[in-house]
Amino acid sequence: MTTQTEAAEPARAVERPVNPGRQRAAQPSTRVETHVWTGRPSQIANLGAFVWCALLCWLVIPIFVAVWRYLLVRTMRYELTTQRFRVTSGVLARRTDELELYRCKDSEFSQTLFQRLFGLATIAMATSDESSPIAVIASIPAHRTRELREEIRNLVEDLRDRKRVREVDYS
């Protein structure tokens, strides 16, 4: 009497790709997209609004404002892969904005006084994308921001070399 495992093994051995040459061409090493970084902004960015809402809580409406601001920041997510930068946001309805990294023209590291006090920073990327000409990674830990900006720069250059794309401005 044979078991199910013994009967299933010959079926696995017989399975072959329909077109092995084509399968290799569909997955070249240059098209593999891997995860690099995921993060979300800090709630400290809302500290000023939270203080005002606490002072005016007797009006009741500021409580809802504070909860809404908390949820907006809590539901925002940044994701960086080897080919794209995604920003997902939205409390009731979700929105994902994707930026192909080879479209990134310039990046800027900035820290306001408030961010410096709490060890946060912002990266702003100028892009040639019409839907989002400026992509912002706001209120993330400053010690990680410098490294992340360099990673983005290196990924942009690698992608441009692989795709043989260069940015040309006609001004």
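Predicted model only: the values in this text are computed from it and were never measured.

Chemist: Any chance you could explain the packing of helix H3 (residues 47–55) against helix H4 (residues 61–74) here in plain terms?
Modeler: Taken N-terminus to C-terminus, the directions of H3 and H4 make an angle of 160 degrees; their axes are 8 Å apart at the nearest point. Put simply, H3 runs roughly antiparallel to H4. As H3 packs across H4, the resulting crossing turns out to be left-handed. Together, Ala 49, Phe 50 and Cys 53 of H3 and Pro 62, Val 65, Ala 66, Arg 69 and Tyr 70 of H4 make up the contact between the two elements. Each residue belonging to the contact of H3 with H4 can be placed in one class, and the counts come to 7 nonpolar, no polar and 1 charged.

Chemist: Would you explain the sheet that holds strand S3 (residues 84–89) in this entry?
Modeler: Each strand in a sheet pairs with another by means of backbone hydrogen bonds, the pair being arranged parallel or else antiparallel. Overall, antiparallel pairing links the 4 strands, which are arranged S1-S2-S3-S4 in an open sheet. What marks the edges here is a single partner per strand, and that holds for strand S1 (35–39) and strand S4 (95–100). Direction aside, the axes of adjacent strands within the sheet are offset by 15 degrees on average. As paired elements, strand S2 (residues 77–81) and S3 share 4 bridges and run antiparallel to each other. Among the inter-strand pairings, Glu 79 is bridged to a residue of S3, identified as Arg 86.

Chemist: What is the right way to read the pattern of salt bridges from this model?
Modeler: Pairing between side chains becomes possible if they bear opposite charge and their charged atoms approach one another. Under the criterion given, the structure shown has 7 salt bridges. Across the pair Arg 86 and Glu 33 runs a salt bridge, and its minimum N-O distance is 3.9 Å. Separated by 53 residues along the polypeptide, Arg 86 in strand S3 and Glu 33 in the loop between helix H2 (20–26) and S1 bring together distant segments of the chain. Overall, the relative accessible area of 16% leaves Arg 86 in the buried class. Owing to a relative accessible area of 27%, Glu 33 belongs among the partly exposed residues under this scheme. Put simply, Glu 147 and Arg 144 hold a salt bridge, and the shortest N to O gap is 3.4 Å. Taken as a pair, Glu 147 and Arg 144 lie in helix H6 (residues 142–163) at a separation of 3 residues, close to a single helical turn. Here the salt bridges share partners, and the residues they tie into one network are Glu 33, Glu 79, Arg 84, Arg 86 and Glu 98.

Thresholds applied
- Residues numbered from 1 in each chain as written.
- Predicted model: local features only at pLDDT ≥ 70, side-chain atom pairs only at ≥ 80, totals over all residues.
- Heavy atoms only, no water.
- Axes fitted to C-alpha atoms, helices over the stretch in contact; angles between N-to-C directions.
- Helix = DSSP H or I, 4+ residues; strand = E, 2+ residues; numbered from the N terminus.
- Parallel < 35°, antiparallel > 145°, perpendicular 65-115°, else oblique.
- Left-handed = near helix turned anticlockwise from the far one by under 90°.
- Contact = heavy atoms within 4.5 Å.
- Nonpolar A, V, L, I, M, F, W, Y, C, P; charged D, E, K, R; others polar.
- Pairing = 2+ DSSP bridges.
- Salt bridge = Lys/Arg side-chain N within 4 Å of Asp/Glu carboxyl O.
- Buried < 20%, exposed > 50% of the residue type's maximum accessible area, 1.4 Å probe, protein only.

Any functional reading would require information beyond the geometric quantities listed.
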